[in-house]
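# Notes for the structure review
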Amino acid sequence: MADDNIFSALKVVDFASFIAGPSAAVILSDFGADVIKVEPPSGDLWRQGHKIPPQPQSKDAYPWHLANRNKRGLTLDLKSPSAQPVVEKLVKWADVVIVNTPHAARKRLNLEYDALVQWNPKLIYADVTGFGENGPDANLPGFDITSYWARSGLLSMTRDAGAPPTWPVAGSGDNATAVGLYAAIVTALYRRERTGKGSYVTTSLLAEGIWSASVSIQAALCGAKFFGLHDRKNPANAALNVYRAADDTWFVLIVTPDKLETVVKAIGRPDLLTDPRFADRTRLMANMPDLTAILDEVFGAQPMAHWYEVFSGVHVTFGAVRGPQEVVGDPQLRANDIVVPLEGAGGNLASTISSPIQVHGVTKVTAKRAPDLGEHSEQILRQLGFDETQIDSFVASGAVPEQKQHVAVS
């Protein structure tokens, strides 16, 4: 039951835009939180994400529903002086406020923590930035591609030798950061439960990118000797490499030392164990291209279905490289509630991706479509205690644009 869910009494105001902040709110909503999405009159630009190349093109606003499902929508012009009473009521109502507006603009809009906490001392104020709150680049604008991927070092390492940096998957750093921001919010809620005190919690795309790249960044911190960029035909380790099966399926193979003997026997090449070219570490390192060429020939002789059976039989770690159109058919996704039904979005949006956290014994809220622009404005204003005359004055001043009726899409 929804009223038995973990965050069923939690009230969240999402002032953030694009992906990282709103997606943290989605995770809270999946466990029952009441989330109000506040947008400017022009709407969150991510409403148009499905139309911006190189995003896959669609008539359906799939990125918008992914990052804003289960929320109620309020349109509010924060630049209007008439909006301040609404902001005050929202903050007093809320347990959690999520923001990602640059600090200079945030100050002009009266959305800084010091302003809001005066209205609600127990508030959890969750802030996500591109590069952190301090330092010479604290005020730079940042997307996950620049802050999470490029600045962190990840983008320099996720390519093969001789290849330029590539364009990473849109939103991947944002969604990783969303989980981090969610964790910060939950940590603050636990602190408030114990002490009664609110908190100002924050993370950045840069911090999350560094955390994702932390094995390599920690190596750099201690002066470790790095191998060059990955070269598939001349790898640092042929047992940790990418190979291609006979049906042109590429797969990642990870053979740990304890599995080596079992694997070479399973693939029909026990002779590799006694081959003098690979007899000791020095020779193995010198002849890694030869070993890779041998494995290329072996794996290229059979289709992926064959190697799936072989690798599964010896319990070795492997993974076929799949494209998005193949991934959506993977039975693991629905068996583990990774992909779940989506109600009310219309078009081809019959399912969506659930947040990556499961709590045994707790059923997540049924995923429902994201709101239309300002869809619940009047409902929310009435809930906050404003009467019809006051609501009319907000509309007349332009602080709250006139609400449009939702049009169902079949």
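To be clear, the structure that these remarks concern was listed above.
Residues numbered from 1 in each chain as written. Predicted model: local features only at pLDDT ≥ 70, side-chain atom pairs only at ≥ 80, totals over all residues. Heavy atoms only, no water.

## Overview of the overall build of the protein chain
What the protein chain contains, in helices and strands, is 18 helices and 12 strands. Referenced to the eigenvectors of the C-alpha coordinate spread, the extents of the protein chain come out at roughly 90 × 50 × 45 Å. Contacts spanning at least 24 positions in sequence make up 69% of the contacts within the protein chain whose residues lie at least 6 apart. Working note: accessible area of the protein chain is about 21,800 Å², and carbon and sulfur atoms make up 57% of it. (Helix = DSSP H or I, 4+ residues; strand = E, 2+ residues; numbered from the N terminus. Contact = heavy atoms within 4.5 Å. Areas by Shrake-Rupley, 256 points an atom, 1.4 Å probe, with all protein chains shown as cover.)

## Examining the packing of aromatic side chains
One pass over the full model with this rule turns up 17 aromatic pairs. Each ring, one from phenylalanine 18 and one from phenylalanine 143, has its centre 5.3 Å from the other, and the planes form 90°; the classification is edge-to-face. Remark: phenylalanine 143 occurs in the loop between β5 (124-129) and α6 (144-150) and phenylalanine 18 occurs in the loop between β1 (11-14) and α1 (20-30); sequence separation between them is 125 residues. Of the residues examined, phenylalanine 143 reaches a relative accessible area of 48% and is grouped as partly exposed. Centre to centre, the rings of tyrosine 243 and phenylalanine 251 are 6.3 Å apart; their planes meet at 40°, and the pair counts as tilted. With a relative accessible area of 0%, tyrosine 243 lands in the buried category. (Phe/Tyr/Trp six-rings, centres within 6.5 Å; stacked < 30°, edge-to-face > 60°. Buried < 20%, exposed > 50% of the residue type's maximum accessible area, 1.4 Å probe, protein only.)

## Notes on the environment of isoleucine 124
Considering the arrangement of structural elements, one finds isoleucine 124 in strand β5. For the pair formed by isoleucine 124 and valine 96, sequence separation is 28 residues and the distance between their alpha carbons is 4.6 Å.

## Some details on the pattern of salt bridges
Scanning the model with the defined rule gives 20 salt bridges in all. With its nearest N and O atoms 2.9 Å apart, the salt bridge here joins arginine 106 to aspartate 127. Of the two residues, arginine 106 is situated in helix α4 (residues 103-108) and aspartate 127 in strand β5; the sequence distance between them amounts to 21 residues. Accessibility expressed as a relative area gives 0% for aspartate 127, which makes it buried. When the shortest N-O distance is used, the salt bridge between arginine 151 and aspartate 137 registers 2.9 Å. One end of the pair, arginine 151, is in the loop between α6 and α7 (154-157); the other, aspartate 137, is in the loop between β5 and α6, and 14 residues separate them in sequence. Of the residues examined, arginine 151 reaches a relative accessible area of 44% and is grouped as partly exposed. (Salt bridge = Lys/Arg side-chain N within 4 Å of Asp/Glu carboxyl O.)

## Focus on the sheet that holds strand β4 (residues 96-99)
Taken in spatial order, the 6 strands of this open sheet run β3-β2-β1-β4-β5-β6, and their pairing is parallel. Each edge of the open sheet is held by one strand with a lone partner, namely β3 (72-75) and β6 (199-204). Taking the axes of each pair of neighbouring strands and ignoring which way they run, one obtains an average angle of 20° across the sheet. Where β1 and β4 come together, 3 bridges link them in parallel fashion. Across the sheet, the residue bridging to valine 13 is valine 97, located in β4. In this fold helix α8 (residues 172-195) packs onto β4, β5 and β6, with an angle of close to 160° to the strand it touches most, β5. With respect to the sheet, helix α9 (residues 205-212) is in contact with β5 and β6, its orientation differing from that of β6 by roughly 60°. (Pairing = 2+ DSSP bridges. Axes fitted to C-alpha atoms, helices over the stretch in contact; angles between N-to-C directions.)

## Digging into the nonpolar core
Ranked by size, the top nonpolar core spans 31 residues in total, and within it Phe15, Leu76 and Leu90 carry the most contacts. Looking at this core, the elements that each hand over two or more residues are β2 (34-39), α3 (84-93), β4, α5 (113-116), α17 (377-383) and α18 (388-397). In terms of residues, this core owes the most to one element, α3, which gives 5 residues. The residues touching leucine 90, leaving out its near neighbours within four places in the chain, are Val13, Phe15, Ile36, Val38, Leu74, Leu76, Ile380 and Leu384. Ranked by size, the runner-up nonpolar core spans 25 residues in total, among them Ala20, Ala33, Ile98 and Ala178. (Core = buried A, V, L, I, M, F, W, Y, C linked by side-chain atoms within 4.5 Å.)

## Section: the packing of α1 against α8
At a minimum axis distance of 8 Å, the contact between α1 and α8 shows a crossing angle of 55°. Put simply, α1 runs oblique to α8. The way α1 lies across α8 gives a crossing that is right-handed. Touching Ala20, Gly21, Ser23, Ala24, Ile27 and Leu28 of α1 are Asp174, Asn175, Thr177, Ala178, Val179, Leu181, Tyr182 and Ile185, all from α8. (Parallel < 35°, antiparallel > 145°, perpendicular 65-115°, else oblique. Left-handed = near helix turned anticlockwise from the far one by under 90°.)

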